[in-house]
Amino acid sequence: MNLINNFLTSTSNSDSPMPGLFVENSNTTNDAVRDSNDIDDQSNAIVNDSSRNHNIGYRIIKYLLKLPVIIMYFTINILLVLIQLMKPFRILYTYYHKQHQKQFNYQDNLDMLFNTLVKDSDPMKSAAEDEDHIYTFESLYSGNGILSSHVFKGTYPELLNICTEQCKFAILYIHDPLLDDKAQYINDILCTEQFVNMMRKYQCLIWFSDSTHSEGLQVLNSFKVERFPYLGCLSLNESFNSISIYRLEGRLYTWDPNVLNNCLAKEYQKLIKLRQTKQNIELQRIIKLQQDSRYNLSLQRDQERERLRRQERDLQIVEQVRQNKKLQWLKWKRSTLLSEPSDSINSCRVAIRFEDGSRIVRRFDKTLPIDEIYAFVDASINEEILNSYTSDEILEPPNDYEHQYPFILATSVPRRQLNPSTLIENENSIYPSGNIIVEQIN
Amino acid sequence: MSTEVPAGFNKYPATQLCFVATIVVPLLANALSYKYLFMVRNDPFIIEYNQYWRFVTFQFGALNESDVVLLALIWYNFRQIERLMGSYKYLSVISLCWMYTTLILSGSAVILNVVFPWSVWQNFPSGSLPLVLTLFHFYKQYTPQIYEFEFVFPLPWQLQPPTDSDITGSQYQSLSGKKTFKWKLTDQFYIEFLIVLLVLSQGFAGIVCGFISWIIGVLLDGGLLPGMKVWRLPLFLFSSDNIQTHNVNDIRNQLQNSTEGTADANENLDDVPPRSLGRQFIDTFRG
């Protein structure tokens, strides 16, 4: 009720252009009937007032929500501007970045590593001490060194690939340039005669890296190496995955080459077996490939033969049908042959000589085409076949069949082929009488 | 390929020492009410009482628990330096860095306060912040970065605040062509973040002393401050340890190699992976 009162007072003394204008209009125009419409009015008022309140609430919420966003916007702006102003201090931030960027190239880093290793390994010391140290790092690994063909100059994944492909041992040496005696492994292990002999005997691949290089550190982390430097040996297991078979890390106090040798010797047998399995697999693959190709070839041949057979059978069927039709035609044609005319005036008398030497003399109506003679000859050639059938059935010419006579008729002297379509009476060589020779067409 | 340094302190005695000391010393000091030993203020302590010994002690104990936590985490992460240098060299470097930071920080503070008598340098950072910042250079310098990633922000202050009609696809496409703010982080962002937190949490003194300490680290590594190659802690401190580690190291290597050799042979015999106790327990009920 309070809301309605509020509304009534506000409407009575205001002409605000607020929403709910139609209620105001109804107030002024229908003043007299206002009491009667009190209920309607009330409901209108409620609607109006609630919409107004809603509007105010909406505004307040809008401002309340906007405020923190605006504050946040400006705070972040100021922060970002400050960061922009701090640009000179980016030198500090990128101080290490440039240096690390350089390390992404593994090859350059490897060359640098070899240089430092050559420098670090003490040739004087190793040459002077005893007979074991007859090699220097330079004479072994760099350039045309004895083991330079064993040094693998690729990335670690490439090394693993090569090892898996060729079934070889991989010796990993990861140098640590920060140690006090950094060349210890080089002088005491890598440059000893036993080590060189082992490498040559078991055809190991040797991979060098640096613990301050990204690649080296990743390898060290993946092997969970706790102290540097690291010397490891990788071999393959039965499923051709690389496994670590020997590891040496941290400061070296004594080194027994026999341990590594035993490890390598033991694993070498497995490795040879693996190589054989790999070769077998390869061989089997080739054999299988050959078998497949042979099978395909014979299959193709069979299919070809089958195709030919089917074609032949089809041809036979077609031939059979043709023969049947021919027989039908012959029967029909014989039935249409007119009987030999008795009189000699309206007929011609021809002597037909067959190829086998037999001779038939017969009269033909002169008004008929020479085709009649052809039909007669055809019938007499196939007489035996035709006689074997009863002639009771109603004879019709077969559909889709055009008979080709397998012979031609020709006059004897001068030899002239007779055209089946001309009438007998128009052919002087046989009318009123003549000789006809039957010539088979091959 | 992993980016993780092996966890634990087993092989890193120097890290262990620093980590434990960072936590235990403030705790003990707090419990025994000796916290004042690690506090340096120029005004009463140095000027009035001439307690110069405070310069020596202040790096041994942090005064704030948040500093303790941050320092402990940073020391733990610095085991990578110990891994690179070896424990003996690492301890030597720590001692060297401690001497340089103590000398240079306290010396410059004293000189500054003598030159400008209104005590411009009043506060000192608490805990081993200068030492950690010096070592931070070694960490960053010798730890290669394994991966990096980038945050790309559009620059909001270059834009007009968009009105309702402006929010269309084409508008935003044209905006995206504008200059952006890139923030590149590497895999070391965690320790960088810890260092920034530590420095900022100690206020202006932390920033200034941190910066000076970092410069000391750079100079030490560059050879401008002598001692990196020469200074080593006297060996007799470690002689007994050394023999122990020697033996342990050798035996461990041998054991590892012998077990690794046999591990493969046994692999075929038991293909079933060993069950944990909990698993066994559950399996009895599964039937």
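Per an unreviewed UniProt entry, the recorded name for chain B is Derlin, and the organism is Tetrapisispora phaffii. Its UniProt record, at the heading Subcellular location (unreviewed entry), says of chain B: "Membrane".

For chain A, the name recorded in an unreviewed UniProt entry is UBX domain-containing protein, with Tetrapisispora phaffii as its organism.

Tallying secondary structure elements over chain A gives 15 helices and nine strands in all. Per-residue burial for chain A yields a buried fraction of 36% across its 442 residues. The long-range fraction of contacts in chain A, counting pairs at least 24 apart against all pairs at least 6 apart in sequence, stands at 68%. Only carbon and sulfur atoms are counted for the fraction: they give 54% of the accessible area of chain A, which is about 27100 Å².

On to the UniProt feature "transmembrane region" (unreviewed entry) in chain A. Per the UniProt record, "transmembrane region" (unreviewed entry) is found at residues 63–86 of chain A. Along residues 63–86 of chain A the backbone is 96% helical and 0% strand, and the end-to-end C-alpha distance reaches 34 Å.

On to the pattern of salt bridges. Across all of its chains, the model carries 16 salt bridges over all chains by this definition. Across the pair A:Asp302 and A:Arg305 runs a salt bridge, and its minimum N-O distance is 3.8 Å. One end of the pair is A:Asp302 and the other is A:Arg305, both in helix α13 (residues 257–336) and three residues apart, which spans about a single turn. Exposure remark for A:Asp302: the relative accessible area of 43% places this residue in the partly exposed category. Residue classification places A:Arg305 among the partly exposed positions, given a relative accessible area of 46%. Across the salt bridge formed by B:Lys140 and B:Glu192, the nearest N and O atoms sit 2.4 Å from each other. One end of the pair, B:Lys140, is in helix α7 (residues 129–142); the other, B:Glu192, is in helix α9 (residues 189–201), and 52 residues separate them in sequence. Across the pair, B:Glu192 and B:Lys140 agree in class, each one buried.

This part takes up a nonpolar patch on the surface. Residue and element names in this part refer to chain A. Taken together, Ile 70, Tyr 73, Phe 74, Ile 78, Val 81, Leu 82 and Leu 85 make up a surface patch of nonpolar side chains, about 650 Å² in accessible area. Note that Leu 85 resides in helix α3 (residues 38–85). Of the residues examined, Leu 85 reaches a relative accessible area of 61% and is grouped as exposed.

To continue, consider the UniProt feature "transmembrane region" (unreviewed entry) in chain B. When the UniProt feature table is mapped onto this chain numbering, "transmembrane region" (unreviewed entry) sits at residues 12–32, 52–78, 90–116 and 193–220 of chain B. Here residues 52–78 of chain B runs as 67% helix and 0% strand, with 30 Å between its end C-alpha atoms.

On to the sheet that holds strand β8 (residues 416–417) of chain A. Residue and element names in this part refer to chain A. Sheet architecture is open: five strands sit in the order β6-β5-β9-β7-β8, paired in mixed fashion. The open sheet has two free edges, formed respectively by β6 (359–365) and β8, since each of these has just one partner strand. Relative to strand β9 (residues 433–440), strand β7 (residues 407–411) runs antiparallel, the two sharing five bridges. Across the sheet, residue Phe 407 finds its bridge partner in β9, namely Gln 440. Contacting β5 (347–353), β6, β7 and β9, helix α14 (residues 371–381) crosses the sheet at an angle of about 125° to β7.

Residues and elements named next belong to chain A. For β5, the tally of buried residues reaches five of seven residues, placing the bulk of the element in the interior. The sheet contact formed by β5 and β6 spans seven bridges and is antiparallel. Note on β6: the bridge partner recorded for Ile 352 is Ile 360. What sits between the antiparallel neighbours β5 and β6 is a turn of five residues, in which Gly 357 has the positive phi angle 100°. Pairing between β5 and β9: five bridges, direction parallel. Opposite Ala 351, over in β9, you have Asn 435 as the bridge partner.

Turning our attention to the pairing of strand β1 (residues 170–175) of chain A. Residue and element names in this part refer to chain A. Of all six residues making up β1, six are buried, and the element is well covered by its neighbours. Here β1 shows a buried face lined by Ala 170, Leu 172 and Ile 174 and a second buried face lined by Ile 171, Tyr 173 and His 175. As defined by bridge partners, β1 adjoins strand β2 (residues 205–210) across six bridges and the pair is classed as parallel. Across the sheet, the residue bridging to Leu 172 is Trp 207, located in β2. Alignment of β1 against strand β3 (residues 230–236), held across five bridges, turns out to be antiparallel. Across the sheet, residue Tyr 173 finds its bridge partner in β3, namely Leu 231.

Turning our attention to the confidence of the model for chain A. Residues and elements named next belong to chain A. When pLDDT is averaged along chain A, the result is 80; 83% of the residues meet or exceed 70. Element-level mean pLDDT values for chain A span from 46 in helix α2 (residues 21–29) up to 92 in β1. Low confidence marks residues 7–17, where pLDDT is under 50. Its contacts with residues over four positions away, or in another chain, come to eleven contacts. In this model residues 23–36 is a low-confidence stretch, pLDDT under 50, and it forms 14 contacts with partners more than four residues away in sequence or in other chains.

So, on to the packing of aromatic side chains. Residues and elements named next belong to chain A. Taken as a whole and judged by the stated rule, the model has 38 aromatic pairs over all chains. Here Phe 137 and Phe 208 contribute two aromatic rings whose centre-to-centre distance is 5.7 Å and whose plane-to-plane angle is 85°, an arrangement assigned as edge-to-face. Within this pair, whereas Phe 137 is found in helix α8 (residues 137–141), its partner Phe 208 is found in strand β2, the two being separated by 71 residues in sequence. Judged by relative accessible area, which is 1%, Phe 208 ranks as buried. Ring geometry for Tyr 374 versus Tyr 405: centroids 5.1 Å apart, planes at 35°, classification tilted.

Quick look at the nonpolar core now. In terms of nonpolar packing, the biggest core is built from 101 residues, with A:Tyr141, A:Phe208, B:Trp75, B:Phe78, B:Leu135 and B:Phe138 touching the most fellow members. The element best represented in this core is α7(B), accounting for nine residues. Excluding anything up to four places from it in sequence, B:Phe138 contacts B:Ile81, B:Met85, B:Val93, B:Cys97, B:Thr143, B:Gly217, B:Leu220, B:Asp221 and B:Met228. Counting 28 residues, the second-largest nonpolar core is a separate cluster that includes A:Cys348, A:Val350, A:Ile352 and A:Ile436.

Let's shift gears to the environment of B:Thr101. Residues and elements named next belong to chain B. Here Thr 101 lies in helix α6 (residues 87–115). The class for Thr 101 is buried, based on a relative accessible area of 0%. Placed 111 residues apart in sequence, Thr 101 and Ile 212 show a C-alpha to C-alpha distance of 8.3 Å. Leaving out residues up to four positions away in the same chain, Thr 101 has contacts with Gln 59, Ser 106, Pro 130, Leu 131, Thr 134, Ser 213 and Ile 216. Among the polar contacts listed, one links the side chain of Thr 101 to the backbone oxygen of Cys 97, at a separation of 2.7 Å.

Parameters at a glance
- Residues numbered from 1 in each chain as written.
- Chains lettered and ligands numbered in written order.
- Predicted model: local features only at pLDDT ≥ 70, side-chain atom pairs only at ≥ 80, totals over all residues.
- Heavy atoms only, no water.
- UniProt positions renumbered as here; feature names shortened; annotations may be inferred.
- Helix = DSSP H or I, 4+ residues; strand = E, 2+ residues; numbered from the N terminus.
- Buried < 20%, exposed > 50% of the residue type's maximum accessible area, 1.4 Å probe, protein only.
- Contact = heavy atoms within 4.5 Å.
- Areas by Shrake-Rupley, 256 points an atom, 1.4 Å probe, with all protein chains shown as cover.
- Salt bridge = Lys/Arg side-chain N within 4 Å of Asp/Glu carboxyl O.
- Patch = residues over 30% accessible without salt bridge, like charges linked within 9 Å, V, L, I, M, F, W, Y side chains within 5 Å.
- Pairing = 2+ DSSP bridges.
- Axes fitted to C-alpha atoms, helices over the stretch in contact; angles between N-to-C directions.
- pLDDT = per-residue confidence, 0-100.
- Phe/Tyr/Trp six-rings, centres within 6.5 Å; stacked < 30°, edge-to-face > 60°.
- Core = buried A, V, L, I, M, F, W, Y, C linked by side-chain atoms within 4.5 Å.
- Polar contact = N/O pair within 3.5 Å; in protein donor to acceptor, adjacent residues only side chain to side chain.

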